[in-house]
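Examination of the molecular architecture
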Amino acid sequence: MASAAARWNHVWVGTETGILKGVNLQRKQAVNFTAAGQPRREEAVSALCWGAGGETQILVGCADRTVKHFSTEEGIFQGQRHCPGGEGTFRGLAQADGTLITCVDSGILRVWREDDKEASSDPLLELRVGPGVCRMRQDPAHPHVVATGGKENALKVWDLQGSEEPVFRAKNVRNDWLDLRVPIWDQDIHFLPGSQKLVTCTGYHQVRVYDPASPQRRPVLETNYGDYPLTAMTLTPGGNSVIVGNTHGQLAEIDFRQGRLLGCLKGLAGSVRGLQCHPSKPLLASCGLDRVLRVHRIQNPRGLEHKVYLKSQLNCVLLSGRDNWEDEPQEPQEPNKVRSEDTETDELWASLEAAAKRKLPDLKQTQGALQTKRRKKRPGSTSP
Amino acid sequence: MAKSGNKSGGSGKKSLKRKAATEELQESAVAEHEATESGVQPPKTAAFPPGFSISEIKNKQRRHLMFTRWKQQQRKEKLAAKKRLKKEREALGDKAPPKPIPKTIDNQRVYDETIVDPNDEEVAYDEATDEFASYFNRQTSPKILITTSDRPHGRTVRLCEQLSTVIPNSHVYYRRGLALKKIIPQCISRDFTDLIVVNEDRKTPNGLILSHLPNGPTAHFKMSSVRLRKEIKRRGKDPTEHIPEIILNNFTTRLGHSVGRMFASLFPHNPQFIGRQVATFHNQRDYIFFRFHRYIFKSEKKVGIQELGPCFTLKLRSLQKGTFDSKYGEYEWIHKPREMDTSRRKFHL
C-alpha cells in the first residue's frame, strides 16, 4: 500500500545512510525506500534527478558509484548500473535522450547509454573536466549542454554533442584590493531560463552571474552574502532571484538583477545540503545536516509551512513539480476495492431502506451522506 | 474628599478586624477620629468604589501600608486554605485524591520529535556506523590531547592538569601559538583520538572545543562555573590512576545522543571498579554538568560520595561535522539564540 501511494509523495530526499525517503506533505507521512532492504552507509545518496518520462522515475546516484533507478509508480528500485571511472562521489547526474550523464569528484564526466541491462560498461563519451568538481548541472532547455565547476576549477560549459573543448570557460575576477588572487570554489550552478546566463554560488560566500553571450568571460554580476560558504542554491519561480543556503543554515533570497538581498528564511539549524523551489508555487524545500526537511513559503507571507524530522542526515532533495498539490486524486489503481465497497454499500442501502421506511425518512439521507464521506476518506497507505 | 473617604473607609474596615494595631500614629488617630464621628454606624464592609486598586493611592507611605496589609491578609488566607486542605485529606484518609504534581519547567518541556526511541532501527544503524563506531566496537582506545588557547593563565593551566588526571591516557601540551589546523594532522599521525582545547578569556577558562580526531565531529561548548580542586568544599583526596566509570544523564534527543557519545568516547571502555571513581555528565535544560566523585557503598542502598576533581558546566554552542574548521566546515547544529531560545520550555539536547 505504501508503495502504491509512492507516486503522490511531494518530496524525495536522499540520505547519508543510503535511504531514499518519500514524504507526503498532505498526509504528513514519510516512507523509507532502500535498494537492499537495509540501510547501507556505502550507498549514501549523493545525487538525485528525475528520470525519463515526466516524474515517474528517479535516478539515485550513490557513493559507491552506482546509479539506481527508482520507480515512483511502484515504489521500488528497478535496477542499477555501475558507473566506474574516476574517484570520489557523484557530483552531478543528468539524463538526456536515453543517455545518462555522470560526473565524479575527480573530474571525469561520462555519458552512458541508458540500456535496460548494464551490458556495455563503456561510456559513450568521456570528458576530463578538471579535479575538485563540486557540481555538474544540465541545462533544462538544452539537455546536451552541461556546466561544471568546483574548488579551484573554474566554471566551464560543455556541449556534449560538440567538441571536446568547453563552449564557455569562465575567467577569474581581478585581483582584490591587496593584489591577491581571489580563490575559486564554485559550489552550485544554475542555468537561467530564457537566456544563456548562469548563476553560481561559491564557497567564499559570493553569488556570481556569468553571461556566455557577452564578450567578457568574467562574471557580469557579483554579490556577497554572509560569512560562511554557500552550499546550495535554487532559482525562484519568479525568475529574478535565487535562494542560497550556507553552512550555518542561513537561507537568503538574492535578486541577481540588482545584486540585492531580498530576504532571509529562518529555521534551519545545520548546514544546508539541498534546496529546491517549486516551478510555479512559492514553495521551497530545504534539507540539511540537522536531519529535518523543511518546506518554506517564499512570499506572502514568508515563513515555514512544513517541517518533517527524518532521522538521518539529508543530502539531496527533489521536489515534485506537479500542480495538484492539495487534491489527492481518486486513485484509479484500486478499482477492485471500490467495486467491492459498492456492492457492500448496496446491500446496506437495501437493509436501510427496509428499516427506514418504518421510521424517519430523513435519517436515511444523513446516513447516506455519512457513508459516502467515510468511503472517500479511507486512507490508502499506512504509516511508515 | 474621595481620598480621605477612602482612607477612612479602609482604616475603618481594618480597625474593626484587627485588635493589635501595628500601624502608625496617623492610622490610630484617624481610627479614633472615625470612631468618634460615626460611632453609631461603624461600616462593616469597605466603602471602596468599585474598580479601585491600591496602586491608585498617590501617597507612597499610605500605599505601602495598604499593600503590606493586603499581603499579610493574603498570606493568612493561604495558610488557612492549606490547613483546611490538610484537614480534609486527613479526614478522607485513604480515599483522598492523589496530591497534584507541581509544574516545573522540566515537566512542561515541549514535546521534541527528535527524542530517540530505543527501538528505532534507522537511528540505531546511523549510530552504529557513525564516526564513533570504531570506539564503540572496541577497535580503538582513546588517547586525548589537552591544550589551551594561546598564552594561558594559571587557572586554565591548573584546570588542564586536573583534567588530565581525571581523563585517563591524556596528555597536556602547551599551545605555543600553533594553529589548530596544523596541530590536527600531527595528532592524527600520532594516533590521538580526541583533542580538547580549553579556551580562556581574561584569565578564566570560558570555552571548550572537543574534536574527535580522525574525521569526527567537533563540539564547541561554553564553559562556566569552573571550580578547581582546592575550591571544592569537603572534597576527597586526589583521584587515583584507576579508570573511572561514566554516567551520562538525560541525553535524550538525537543531538543529545551525538554529544553523549562524544563524551563517552573520551574514556576507555573498561572501568576499574576497584577505584570507585565515577565521572558524571548530567544534562539538564541544555546545560551539561560535569562532576567527578568517589563513591562507597555503606550498605545495599546507602552510598556515600566524595567530590574530587574539577567541576564545570558546559553549554553546547555548535556541533560541526568534520574536524575543527570554523570557517569552512559544515555544521550539524548551531545554537541560534533568537530562533531557538524563544520558548522557555524547549530544549535541544
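Remember, predicted model here, so these are calculated numbers, not experimental data.

Focus on the overall build of chain B
Scanning chain B from N- to C-terminus turns up 9 helices and 10 strands. For chain B, with 349 residues in total, the buried portion stands at 40%. Counting contacts in chain B only where the partners sit at least 6 residues apart, residues at least 24 apart contribute 65% of the total. For chain B, the accessible surface area stands at approximately 21900 Å², while carbon and sulfur atoms represent 53% of it.

What about the overall build of chain A?
Broken down by element type, chain A carries 2 helices and 28 strands. A buried classification covers 51% of the 384 residues belonging to chain A. Surface exposure of chain A reaches about 18100 Å², of which carbon and sulfur atoms provide 50%.

Some remarks on the pairing of strand E10 (residues 108-113) of chain A
All names here are of chain A. Across the 6 residues that make up E10, a large majority, 5, are buried. Bridge count between E10 and strand E11 (residues 125-128): 4 bridges; the pairing is antiparallel. Bridged to Arg110 within E11 is Glu126.

Remarks on a positive patch on the surface
Residue and element names in this part refer to chain B. A surface patch of like charges, here positive, comprises Lys71, Arg75, Lys78 and Lys82. For Arg75, the position within the fold is in helix H3 (residues 60-92). The class for Arg75 is exposed, based on a relative accessible area of 56%.

Thoughts on the packing of aromatic side chains
If you walk through the whole model with that rule in mind, you get 17 aromatic pairs over all chains. When the centroid spacing of 5.9 Å and the interplanar angle of 65° are considered together, the rings of A:Trp185 and B:Tyr328 count as edge-to-face. With A:Trp185 in the loop between strand E15 (168-169) and strand E16 (186-191) and B:Tyr328 in the loop between strand E9 (303-321) and strand E10 (330-334), this pair bridges two chains. Residue class for A:Trp185 comes out buried when judged on its relative accessible area of 11%. Measuring from ring centre to ring centre gives 4.9 Å for B:Phe290 and B:Phe312, while their planes differ by 25°; the resulting arrangement is stacked. Placement of B:Phe290 in strand E8 (residues 287-297) and of B:Phe312 in strand E9 is noted, with a sequence separation of 22 residues between them. Taking relative accessible area as the criterion, B:Phe312 reaches 4% and is therefore assigned buried. Its end group placed over the ring of A:Trp185, A:Lys151 keeps NZ or CZ at 4.0 Å from the ring centre.

Brief notes about H3(B)
All names here are of chain B. Over its 33 residues, H3 extends 48 Å from the first C-alpha to the last, a length consistent with the 48 Å expected when each residue adds 1.5 Å. Within H3, burial applies to Arg62, Leu65, Met66 and Arg69. Of the residues flanking the start of H3, the one acting as N-cap is Asn59, its side-chain oxygen 3.0 Å from the backbone nitrogen of Gln61. In the stretch just after H3, Gly93 is the one whose phi turns positive, near 70°.

Side note on the interface of chain A and chain B
With 33 residues of chain A at the interface, the matching set in chain B holds 23 residues. Of the roughly 2400 Å² buried where chain A meets chain B, counting both sides, 47% is carbon and sulfur surface. The interface formed by chain A and chain B includes 7 salt bridges. Among the ionic pairs, A:Lys311 bridges to B:Asp120, the shortest N-O distance being 3.1 Å. Its residues placed into classes, the side of chain A that touches chain B shows 10 nonpolar, 13 polar and 10 charged.

A closer look at the UniProt feature "domain: Brix" (unreviewed entry) in chain B
What UniProt calls "domain: Brix" (unreviewed entry) maps, in this numbering, to residues 142-325 of chain B. The straight-line gap between the two end C-alpha atoms of residues 142-325 of chain B is 22 Å; of that span, 18% is helix and 42% is strand.

A look at the pairing of strand E22 (residues 251-255) of chain A
All names here are of chain A. Judged by how many residues are buried, E22 sits mostly within the fold: 5 of 5 residues are covered. Of the two faces of E22, both are covered, the one formed by Leu251, Glu253 and Asp255 as well as the one formed by Ala252 and Ile254. One ladder, built from 5 bridges, connects strand E21 (residues 241-246) with E22; its direction is antiparallel. Residue Ser241 lies in a different strand from E22, and its bridge partner there is Asp255.

A look at the nonpolar core
Formed by 38 residues in total, the largest nonpolar core has its most connected members in B:Ile196, B:Phe221, B:Phe263 and B:Ile288. Tallying contributions element by element places E9(B) first for this core, with 5 residues. Grouped together as the second largest cluster of nonpolar side chains are 16 residues, A:Val13, A:Val23, A:Leu293 and A:Val295 included.

Topic: the sheet that holds strand E14 (residues 153-159) of chain A
Across the sheet, 4 strands lie side by side as E12-E13-E14-E15 (chain A); this open sheet has antiparallel pairing. The open sheet terminates on both sides in strands that have one partner only, identified here as strand E12 (133-138) and E15 of chain A.

Some words on the environment of A:Ile101
Residue and element names in this part refer to chain A. Tracing the backbone through its elements, the reader meets Ile101 in strand E9 (residues 99-104). With relative accessibility at 0%, the residue Ile101 sits in the buried group. Considering only alpha carbons, one finds Ile101 and Leu124, 23 residues apart in sequence, at a separation of 9.7 Å. The contact partners of Ile101, leaving out residues within four places of it in the chain, are Gly92, Leu93, Ala94, Ala96, Leu109, Arg110, Val111, Met136, Gln138, Pro143, Val146 and Leu160.

Describing the sheet that holds strand E18 (residues 206-210) of chain A
Residues and elements named next belong to chain A. What the 4 strands build is an open sheet, ordered E16-E17-E18-E19; its pairing is antiparallel. Of all strands in the sheet, those with a lone pairing partner are E16 and strand E19 (221-224), marking the two edges. Each strand axis lies, on average, 15° off the axis of its neighbour in the sheet, ignoring direction. The pairing of strand E17 (residues 198-202) with E18 spans 4 bridges and is antiparallel. Looking across to E18, one finds that Thr200 is bridged to Arg208.

A word on the packing of helix H4 (residues 121-128) of chain B against helix H8 (residues 254-264) of chain B
Residue and element names in this part refer to chain B. For the pair H4 and H8, the least separation of the axes is 12 Å and the interaxial angle reads 30°. By the angle between their axes, H4 is roughly parallel relative to H8. Judged by the sense of rotation from one axis to the other, the crossing of H4 with H8 is right-handed. Listed contacts from H8 to Val123, Asp126 and Glu127 of H4 are Arg254, His257 and Arg261. Across the contact of H4 with H8, the residue classes tally to 1 nonpolar, 1 polar and 4 charged.

A few points about H8(B)
Of all 11 residues in H8(B), 10 are buried; the element is thus mostly enclosed. Looking at H8(B), one finds that the buried residues are B:Arg254, B:Leu255, B:Gly256, B:Ser258, B:Val259, B:Gly260, B:Arg261, B:Met262, B:Phe263 and B:Ala264.

Some points on the side chain of B:Thr218
Residue and element names in this part refer to chain B. Position of Thr218 among the secondary structure elements: in strand E5 (residues 218-227). A distance of 2.9 Å separates a polar side-chain atom of Thr218 from the backbone oxygen of Gly322. Here the side chain of Thr218 touches Phe324 through a polar contact of 3.3 Å, landing on its backbone nitrogen. Excluding residues within four positions of it along the chain, Thr218 makes contact with Ile209, Leu210, Ser211, Met262, Ser318, Leu319, Gln320, Gly322, Thr323 and Phe324.

As for the pattern of salt bridges
Opposite charge on two side chains allows them to pair when their charged atoms are near. Within the structure shown, the criterion is met by 32 salt bridges over all chains. As a salt-bridge pair, A:Arg91 and A:Asp105 come within 3.2 Å of each other at their nearest N and O atoms. Of this pair, A:Arg91 sits in strand E8 (residues 90-96) while A:Asp105 sits in the loop between E9 and E10, and the two are 14 residues apart along the sequence. Across the salt bridge formed by B:Asp325 and B:Lys181, the nearest N and O atoms sit 3.2 Å from each other. Within this pair, whereas B:Asp325 is found in the loop between E9 and E10, its partner B:Lys181 is found in helix H7 (residues 180-189), the two being separated by 144 residues in sequence. You can call B:Asp325 buried: its relative accessible area is 18%.

Conventions used here
Residues numbered from 1 in each chain as written. Chains lettered and ligands numbered in written order. Predicted model: local features only at pLDDT ≥ 70, side-chain atom pairs only at ≥ 80, totals over all residues. Heavy atoms only, no water. Helix = DSSP H or I, 4+ residues; strand = E, 2+ residues; numbered from the N terminus. Buried < 20%, exposed > 50% of the residue type's maximum accessible area, 1.4 Å probe, protein only. Contact = heavy atoms within 4.5 Å. Areas by Shrake-Rupley, 256 points an atom, 1.4 Å probe, with all protein chains shown as cover. Pairing = 2+ DSSP bridges. Patch = residues over 30% accessible without salt bridge, like charges linked within 9 Å, V, L, I, M, F, W, Y side chains within 5 Å. Salt bridge = Lys/Arg side-chain N within 4 Å of Asp/Glu carboxyl O. Lys, Arg positive; Asp, Glu negative; His and termini not counted. Charge placed at Lys NZ, Arg CZ, Asp CG, Glu CD. Phe/Tyr/Trp six-rings, centres within 6.5 Å; stacked < 30°, edge-to-face > 60°. Lys NZ or Arg CZ within 6 Å of the ring centre and 35° of its normal. Expected span 1.5 Å × (residues − 1). Polar contact = N/O pair within 3.5 Å; in protein donor to acceptor, adjacent residues only side chain to side chain. Buried area = accessible area lost by both parts, 1.4 Å probe. Nonpolar A, V, L, I, M, F, W, Y, C, P; charged D, E, K, R; others polar. UniProt positions renumbered as here; feature names shortened; annotations may be inferred. Core = buried A, V, L, I, M, F, W, Y, C linked by side-chain atoms within 4.5 Å. Axes fitted to C-alpha atoms, helices over the stretch in contact; angles between N-to-C directions. Parallel < 35°, antiparallel > 145°, perpendicular 65-115°, else oblique. Left-handed = near helix turned anticlockwise from the far one by under 90°.

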